[in-house]
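Coordinate analysis (summary)
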Amino acid sequence: MFQRICRLICLSFLLISLSFALPQSVQAQEEAAATDPVARAVELAAESGLGVIIVDGSGTVTTEPAPQTQDTANPMEGASALMKAQSEFQAFRQELRSRLEALPYSIFEMKYVLRQTSPDGRIMTYVEVFGWSLLFLFIGRWLSVEIYGKRIAKRYVVARIKQNPEGYYEKMPFLVYRFFMGVLGTIFAMVFALLISYLIFGASGDSSIEFTVTAIYTAFFLASVVSDLWRMVLSPYLSQYRMPVFSDRDAKRLYMSAALLATYDIFSLIFATWVGDFGLNYNVYAMVYGLLALVGTFGSLLLLALNARAITNAIRAGHPKEDCSWLLRVLSVLWAPVVVVYIIFGWLELAFDLVLERDMSVPLMAGTYMVLTSILVVYGVINYGIEAYSLRRRIVDSAASMGEEEDPGDGEGDLSEDEIQAMAASPGHQISSFEDLARRVAGILAFLVGGYALFLVWNPDASWLRTVASERVVDVVAILFLGYVIYHVARIWIDSKIDEEVGDLPTAELGDEGGAGGASRLATLLPLFRGAILAVVLVSIVLIVLLELGINVSPLFAGAGVVGLAVGFGSQTLVRDIFSGAFFLVDDAFRKGEYIDIGDVKGTVEKISVRSFQLRHHLGALHTIPFGEIKVLTNYSRDWVMMKLPLRVTYDTDVEKVRKLIKKLGQSLLSDPVIGESFMQPLKSQGVIEMQDSAMIIRVKFMTKPGDQWLVRKKVYQEIRELFAREGIKFAHREVTVRLAEDQVDTLPQQKKEALAGAVQAAIDEDLMDVNEGGDDR
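Our subject in this report is the structure included herewith. (Residues numbered from 1 in each chain as written. Predicted model: local features only at pLDDT ≥ 70, side-chain atom pairs only at ≥ 80, totals over all residues. Heavy atoms only, no water.)

**Structural notes on the overall build of the protein**
For the record, the criterion: We count a stretch as a helix when DSSP gives it H or I for four or more residues in a row; a strand needs E for two or more, and each element gets its number in order from the N terminus. Burial here depends on accessible area, computed with a 1.4 Å probe over protein chains only, as a share of the maximum for the residue type. Under 20% is buried, over 50% is exposed, and the range in between is partly exposed. Contacts are assigned to residue pairs that have any heavy atoms within 4.5 Å of one another. Only the protein chains shown count as covering a residue, and every accessible area follows the Shrake-Rupley method with a 1.4 Å probe.
When its secondary structure is counted, the protein shows 20 helices and 8 strands. Out of the 778 residues in the protein, the part that is buried amounts to 34%. Put simply, of all contacts in the protein between residues at least 6 apart along the chain, 71% involve residues at least 24 apart. Of the roughly 46900 Å² of accessible surface on the protein, a fraction of 62% belongs to carbon and sulfur atoms.

**Regarding the packing of helix H7 (residues 207-234) against helix H8 (residues 248-277)**
This is how the line gets drawn: Each axis is a line fitted through C-alpha atoms, and for a helix only the stretch in contact is used; angles between axes span 0 to 180 degrees, taken between their N-to-C directions. An angle counts as roughly parallel when it lies under 35 degrees, as roughly antiparallel when it exceeds 145, as roughly perpendicular when it falls between 65 and 115, and as oblique in every other case. Crossings are classed by handedness, with left-handed meaning an anticlockwise turn of the near helix from the far one by less than a right angle and right-handed meaning a clockwise turn. Nonpolar residues are Ala, Val, Leu, Ile, Met, Phe, Trp, Tyr, Cys and Pro. Charged residues are Asp, Glu, Lys and Arg, and all others, Gly as well, are polar.
One way to put it is that H7 packs onto H8 with a least axis distance of 9 Å and a crossing angle of 155 degrees. If you check the angle between H7 and H8, you find them roughly antiparallel. Considering only the axes of H7 and H8, their crossing is right-handed. A per-class count over the contact of H7 with H8 returns 20 nonpolar, 4 polar and 2 charged.

**Description of the packing of aromatic side chains**
Let me state the cut-off plainly: For Phe, Tyr and Trp, rings pair up if their centres lie within 6.5 Å, where Trp contributes its six-membered ring, and each pair is then called stacked (planes under 30 degrees apart), edge-to-face (over 60) or tilted (otherwise).
Considering all chains together, one arrives at 14 aromatic pairs under this definition. Ring centres 6.0 Å apart and planes at 55 degrees place the aromatic pair Phe-136 and Phe-201 in the tilted group. You can see Phe-136 sitting in helix H5 (residues 124-159) and its partner Phe-201 sitting in helix H6 (residues 167-201), a full 65 residues away along the chain. Taking the relative accessible area as the measure of exposure, Phe-136 reaches 4% and is therefore buried. A network of ring pairs unites the aromatic residues Tyr-126, Phe-271 and Trp-274 as a single cluster.

**Here we look at the nonpolar core**
Applied cut-off: We define the nonpolar core as a collection of buried residues of types Ala, Val, Leu, Ile, Met, Phe, Trp, Tyr and Cys that are connected through side-chain atoms lying within 4.5 Å of one another.
With 28 residues, the main nonpolar core has Leu-114, Trp-274 and Leu-280 as its most contacted residues. When residues of this core are traced back to their parent elements, those giving at least two are helix H4 (103-117), H5, H7, H8, helix H9 (282-315) and helix H10 (326-356). No other element matches H8, which puts 6 residues into this core. Residues contacting Leu-280, with those up to four places away along its chain left out, are Met-110, Val-113, Leu-114 and Val-275.

**What to know about the sheet that holds strand S8 (residues 696-704)**
Applied cut-off: One bridge is not enough; two strands pair if DSSP finds at least two bridges between them.
An order of S6-S8-S7 is seen for the 3 strands of this open sheet, with the pairing classed as antiparallel. The open sheet terminates on both sides in strands that have one partner only, identified here as strand S6 (641-649) and strand S7 (679-691). Adjacent strand axes in the sheet meet at a mean angle of 20 degrees when their direction is disregarded. In this structure, S7 lies alongside S8, joined through 7 bridges in antiparallel fashion. Within the sheet, the bridge partner assigned to Phe-679 lies in S8 and is Thr-704. Against the sheet, helix H18 (residues 655-669) touches S7 and S8, its axis set at about 165 degrees to S7.

**Description of the pattern of salt bridges**
Note the following rule: Salt bridges are defined as contacts in which a side-chain nitrogen from Lys or Arg sits within 4 Å of a carboxyl oxygen from Asp or Glu.
Applying the stated criterion across every chain, the model contains 10 salt bridges. For Glu-128, the salt bridge goes to Arg-122, with nearest N and O atoms at 3.3 Å. Its relative accessible area of 36% is what places Glu-128 among the partly exposed residues. Among the ionic pairs, Glu-146 bridges to Lys-150, the shortest N-O distance being 3.2 Å. Linking Glu-146 with Lys-150, this pair stays in helix H5, spanning 4 residues, or about one helical turn. Overall, the relative accessible area of 23% leaves Glu-146 in the partly exposed class. A network of salt bridges, in which partner residues are shared, links Asp-120, Arg-122 and Glu-128.

**Looking at the environment of Ser-580**
One can find Ser-580 in helix H17 (residues 572-586). Once residues within four sequence positions are removed from consideration, Ser-580 is found in contact with Phe-627 and Gly-628.

**Topic: a nonpolar patch on the surface**
Using the following cut-off: By definition, no residue in a patch forms a salt bridge, and every one has over 30% relative accessible area; like charges are joined within 9 Å, nonpolar side chains (Val, Leu, Ile, Met, Phe, Trp, Tyr) within 5 Å.
Judged by side-chain polarity, Trp-132, Leu-135, Ile-139, Tyr-198, Leu-199, Ile-200 and Phe-201 come together as a nonpolar surface patch covering roughly 760 Å² of accessible area. Elements that contribute at least two residues to the nonpolar patch include exactly H5 and H6. The dominant element in the nonpolar patch, judged by the number of residues it contributes, is H6, at 4 residues. Relative to the helices and strands, Tyr-198 resides in helix H6.

Purely geometric numbers; function is a separate question.
Here it is in structure tokens:
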């Protein structure tokens, strides 16, 4: 890799130096040719790799072939990467100068070969074959559209279009079907073109013409297939089937530019291959291939300039930059400069290989294009399989649950189309289910495999992959990947269990009195276990990675033991809180969502951690209490709640009548549609419990489920007030009687009157405190 970077820098300097060296090279070439043309021809032929034998007029050989020398040791073996790059740069510079000097002779040789291989001895014959072939292909394409497209394919393709397809499960089958129908249309166009050319010109019978036609038809087929592939990915004319986030305008522009660029690149590559396979001079092949690739490089840069904004938006899935993860934000910023550098480097690498006449199995940009296309296709197929499996499983589960509730033969258990589309809808960005995890794993695998394949395109030998260091890197990547999967599998499983436990738990309103039943014991303990389990998974992964890297982890365990002892002795309060919390949870003293009172504060349990928990008071205050500070804990949300209500009535009230009325009211409230199911014991009277100066205190009671007593109390008070009003039972008002002597009524000073009023108010307040003693302030 370092050699490639050094080579890139050297090639940049070379492009500048060539502008000064080429005029001198041309002048030297003219002088040498004028001095000794025979010697110069022999030299240029030798530089082109041709053997030269000179024969005199009598037929005697005047030169002997150069003896074959045995391979000697490579003088650059063991040199640094920078030295090797400099040596290659010098070789490249010398080879380029010699090839440019030999270019006029190479062009002369190319013309000679083309004339000799042409059936009529003309070079323009190949140009005419190219023009007629393109004309016949365009005619075949028109006939394919009119006959095959409008009369055959259109019926089957249009019939499969949906208005609102959702997810890969509904989009992929149609897109793949349309792609293969397009490939079939291309084949029809080629068949029509061949028939037309045969009817007009007949069979050529010349191998060079047949090879040329084969190359043209191959380029046309590949260009059409790649265009159909881009149409499948971008769906420029059917926005409902478009999976990347592009607007209609951006999708059409990107599709047209990508299809045109791919067509040019394919025809350029096929033409360069035709030049090479035709036996023409290598200098011509290298020059043609390099120039065509340079034009394609400028076309790629122009494509990026026109579509950079749309591609960046598609990478962020249409979301603002602030709403994306840091990885997407970095990727959306860096992708464009990285791709630009990669494209330029790809052309320089191609030029380097062409000049030095190195073997090229697959061109760098062509290999990259194939790898990226394969990644997109494979990723789409994997997501389709994931959605198909998930949808099938959901349908089976839904049918099973409906079958338990309804008669399986009534046909009401079938899922509607809207429900199926909702099941197949794309999930959110967070990994909240096993389906989301499968999508993420598919994306990671596609990225890793694509990156490895791309690296092989860069460096097919890759001998360093067989070293110990590379094997360790591969092992570490595999361990990290497996750890990532195990971590999320454990997290999703625990979260699903928590959702199952708290799924039917009613959600309390903000500011209510509290006291409702809390979550189950498992739902309370699982969040704590989740943190512990995930911590164990992370620590295990880190230790395995360190072991794989050859690091001794024994000192880490010893250090952890020492740190644990230091924490135990130095943070006794922390240890007390942790152990107290463990025993409280083991004893099932409280659960999440329950209303508890610990003396100083009270509220609903909102969060439980290792050393503390949080209480939300019904007035909104949030209290955080360490477990070690709890002395007494009262739980108001367990099993049942008994509510007792005092009623102040006058002394002339018929107590037995009140008892019967309250009993009858309690029976009627059991059938109330709002609070009827909340009763565990009906409303009943307990009789007179206290006699005061101005009233009798009759108490009523009822038993409800935890949390329902407040709603029931409101209803009970309302019904009792209406019942007493109908039956003529009066509530007693609070009274304080002040007796004065007859001679003091008119002569009492104002100061004493105010003191008497204060005493009366104090007596009333004391009476209220006696009545509410032991009550709850909620």
